[in-house]
Amino acid sequence: MAKDFITRKENYSEWYNELVVRADLAENSSVRGCMVIKPYGYAIWEKMHTLMDNMFKETGHQNAYFPLFIPKSYFEKEAEHVKGFAKECAVVTHHRLRAKPDGSGLEPDPDAKLEEELIVRPTSETIIWDTYRRWIKSYRDLPILCNQWANVVRWEMRTRMFLRTAEFLWQEGHTAHATKDEAEKEAKKMMEVYATFAERYMAMPVVRGVKSENEKFAGAVDTYCIEAMMQDGKALQAGTSHFLGQNFAKAFDVKFLNKDNQLEYAWATSWGSSTRLMGALIMTHSDDNGLVLPPLLAPIEVVMIPIYKTDEEKTMINELAQRLQKELQAKGIKVKYDNDENTKPGWKFNEYEFKGVPVRLTLGARDLKQGLVEVFRRDTLAKENHNVENIVSYVEDLLKDIQQNLYNKALKYRQYNTREVNSWEEFKVEIEKGGFLLCHWDGTTETEEKIKEETKATIRCIALDAKEEEGKCIYSGKPSHRRVIFARNY
RNA sequence: CGGGGUAUAGCGUAGUCCGGUUAUCGCGCCUGCUUUGGGAGCAGGAGGUCGUAAGUUCGAAUCUUACUACCCCGACCA
């Protein structure tokens, strides 16, 4: 019903861009590659933030905050890490401006050049491990389980709101452990936390997996991930959790005395998820009428819209609305009564529909005379009249149903678009159709890169629940023991 | 950083080739009245350094040159 709104089929990426702007989630700022997250969009992120934060705390983590700036020398210490991030770092070189000699504005003061240049953090492993060196002396100091909510900067060539911006918001967990086993368990545990969050709150099914050598984090031994499928069949990495081995402990000389009084390097993990989740959320559920939000993340779960002609009707509806609002709020439901007289009901219908509000109650004078309200659910666009008497418990159940339905729908979509492919010829055809392709792969980086060059498809992950199965690599024909997931990705 | 394109009101645009009144239209905005069951109607109104700078000309949104910004396609990436 949305006016002049492009459909997913017509142009998926334009649909996404327009949706983000028109649903009032975010807008491009005047700074290249950076976006403004608007109140409605931020309210969704805030919910994600709070829910995830609780999950981190339940698993024993504490929040802390580390500096935005990282001395260049710290950054250089872990070879793989530098290689991965150097190309996209913002660098601070001066600490003062001065008036230009010709009076035409400001310029960095040459006398205020920094002794050592500072990197704006693209991620915080280095500054954190430099700090951990001072915190860790004994096995009794371990584990350290910290998380930080922060902004990071990665100077991307091409950006898209939420999916890839030069600056973005995220959380990054950084833990230190006495044993390899404990660190590995931590990395897997946090992947599971992300997966649970995605499925339970975002209603977004994910594949739990491990990255190939080629795709893993710069500086990690293993990268675990959750991968989701968007409605255009492309994969989106929605969270990563890294087992870092002793790489950062060695680079920053973080040693502790174990129970046997011997010096050992500490074991590390790091794990992160970002405002990219907003993009994932949008592209998982939304349709050609705009945003669709799962109730558990919707800033407004229920909107009530009055329709009346006379003053008596208006008074009657206002009173009813206030009563319903209280009752719904008592059930913990976020409800908004929009009795703004400047806009007409039809305008409001479209507005809230576009913004993805899960349930709308139309309080119309005509229906109310028969004791009815109109209930509209955003996920199926279905409307029905319902008795006003038990509307509160009905809405409560309906919200649960919508949450579950969105998950089921997304899962069905993913299952339908996931298929086994057994030959290179077949692969080249199937990859054009999108979706996840389950294929045998010989385990080598060379093969992976050749496939990427020829088809733009990458190995999204090796699913943790992939079953053992003998087969031949679709590209090289060499033996393989399990299938991996190939897809084009965001 | 390579290749292509665009720049006119808050947004989207006409006009540019072929220079000539007061720069077009829609949406949005403001005021008033009438309206209210799927983006209301009428009337009136406000809003512009035509990306920046220089040049050609009696006269430049329009022609020339330089610069800047943004978009698309590559290379790179959560």
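About the thresholds
Residues numbered from 1 in each chain as written. Chains lettered and ligands numbered in written order. Predicted model: local features only at pLDDT ≥ 70, side-chain atom pairs only at ≥ 80, totals over all residues. Heavy atoms only, no water. Disulfide = S-S within 2.5 Å. Buried < 20%, exposed > 50% of the residue type's maximum accessible area, 1.4 Å probe, protein only. Near = heavy atom within 4 Å. Polar contact = N/O pair within 3.5 Å; in protein donor to acceptor, adjacent residues only side chain to side chain. Helix = DSSP H or I, 4+ residues; strand = E, 2+ residues; numbered from the N terminus. Contact = heavy atoms within 4.5 Å. Pairing = 2+ DSSP bridges. Axes fitted to C-alpha atoms, helices over the stretch in contact; angles between N-to-C directions. Expected span 1.5 Å × (residues − 1). Parallel < 35°, antiparallel > 145°, perpendicular 65-115°, else oblique. Left-handed = near helix turned anticlockwise from the far one by under 90°. Nonpolar A, V, L, I, M, F, W, Y, C, P; charged D, E, K, R; others polar. Phe/Tyr/Trp six-rings, centres within 6.5 Å; stacked < 30°, edge-to-face > 60°. Lys NZ or Arg CZ within 6 Å of the ring centre and 35° of its normal.

This part is about the state of the cysteines. Within the structure shown, the criterion is met by 0 disulfides. Cys89 takes part in no disulfide bond, and the closest cysteine sulfur, belonging to Cys34, lies 15 Å away. The closest cysteine sulfur to the non-disulfide-bonded Cys473 is located on Cys439, 8.9 Å from its own sulfur. Exposure remark for Cys473: the relative accessible area of 3% places this residue in the buried category.

Close to RNA strand B lie 35 residues, the nearest being Arg158, Arg164, Thr165, Arg276 and Arg366. Take Asn350: an N or O atom from its side chain is 2.8 Å from a base nitrogen of RNA strand B. At 3.4 Å, a side-chain N or O of Glu351 approaches a base nitrogen of RNA strand B. Secondary-structure elements contributing two or more residues to the surface near RNA strand B are helix H10 (345-354), strand S19 (359-364) and helix H11 (365-368). Here the surface near RNA strand B gets 7 residues from one element, more than from any other, and that element is H10.

This brings us to the side chain of Ser241. Tracing the backbone shows Ser241 in strand S13 (residues 235-245). There is a polar contact of 2.6 Å between the side chain of Ser241 and the backbone oxygen of Ala187. When residues no more than four places from it in sequence are discounted, the contact partners of Ser241 are Ala187, Met190, Met191, Asp222, Thr223, Tyr224, Ser270 and Trp271.

Let's shift gears to the sheet that holds strand S10 (residues 167-177). One open sheet accounts for 11 strands, arranged S3-S9-S10-S16-S13-S12-S11-S24-S27-S23-S22; its pairing is mixed. Among the strands making up the open sheet, the edge pair consists of strand S3 (62-63) and strand S22 (418-420). Strand direction decides the pairing type here: strand S9 (residues 144-153) and S10, joined by 10 bridges, are antiparallel. From the neighbouring strand, Ala150 faces S10, where its bridge partner is Trp170. Contacts from helix H12 (residues 391-416) reach strand S11 (207-210), strand S12 (222-229), S22 and strand S23 (436-440) within the one sheet, and its direction differs from that of S22 by about 25 degrees.

Time to look at helix H6 (residues 180-200). Taking 1.5 Å of rise per residue, 21 residues should cover 30 Å, and H6 covers 30 Å from first to last C-alpha, within 8% of that figure. Taken together, the buried positions of H6 are occupied by Ala183, Glu186, Ala187, Met190, Met191, Val193, Tyr194, Ala195, Phe197, Ala198 and Glu199.

With that out of the way, let us pick up the packing of helix H9 (residues 311-330) against H12. Viewed as axis vectors pointing N to C, H9 and H12 meet at an angle of 45 degrees, and their least axial separation amounts to 10 Å. The orientation of H9 with respect to H12, classified from their angle, is oblique. Where H9 crosses over H12, the handedness of that crossing is right-handed. Residue-level inspection shows Leu324, Glu327 and Leu328 of H9 in contact with H12, the latter providing Ile391, Val392 and Val395. Here the residues of the contact of H9 with H12 sort into 5 nonpolar, no polar and 1 charged.

A few words on the packing of aromatic side chains. Counting across every chain of the model gives 18 aromatic pairs. Judged by centre distance (6.0 Å) and plane angle (75 degrees), the rings of Trp45 and Trp149 are edge-to-face. Here Trp45, found in helix H2 (residues 39-58), pairs with Trp149, found in strand S9; they are 104 residues apart in sequence, far enough to count as distant. Both residues of the pair, Trp45 and Trp149, belong to the buried class. Seen from their ring centres, Phe243 and Trp267 are 6.2 Å apart, and the 10 degrees between their planes marks the pair as stacked. With a gap of 24 residues between them, Phe243 in strand S13 and Trp267 in strand S16 (residues 267-274) connect regions that are remote in the sequence. No difference in accessibility class separates Phe243 from Trp267, as the two residues are buried. Joined through ring pairs, the aromatic side chains of Trp45, Phe56, Trp149, Tyr194 and Trp271 make up one cluster. Sitting over the ring of Tyr490, Lys234 keeps its end group 4.3 Å from the ring centre. The ring of Tyr40 carries the charged tip of Lys355 above its face, separated from the ring centre by 5.0 Å.

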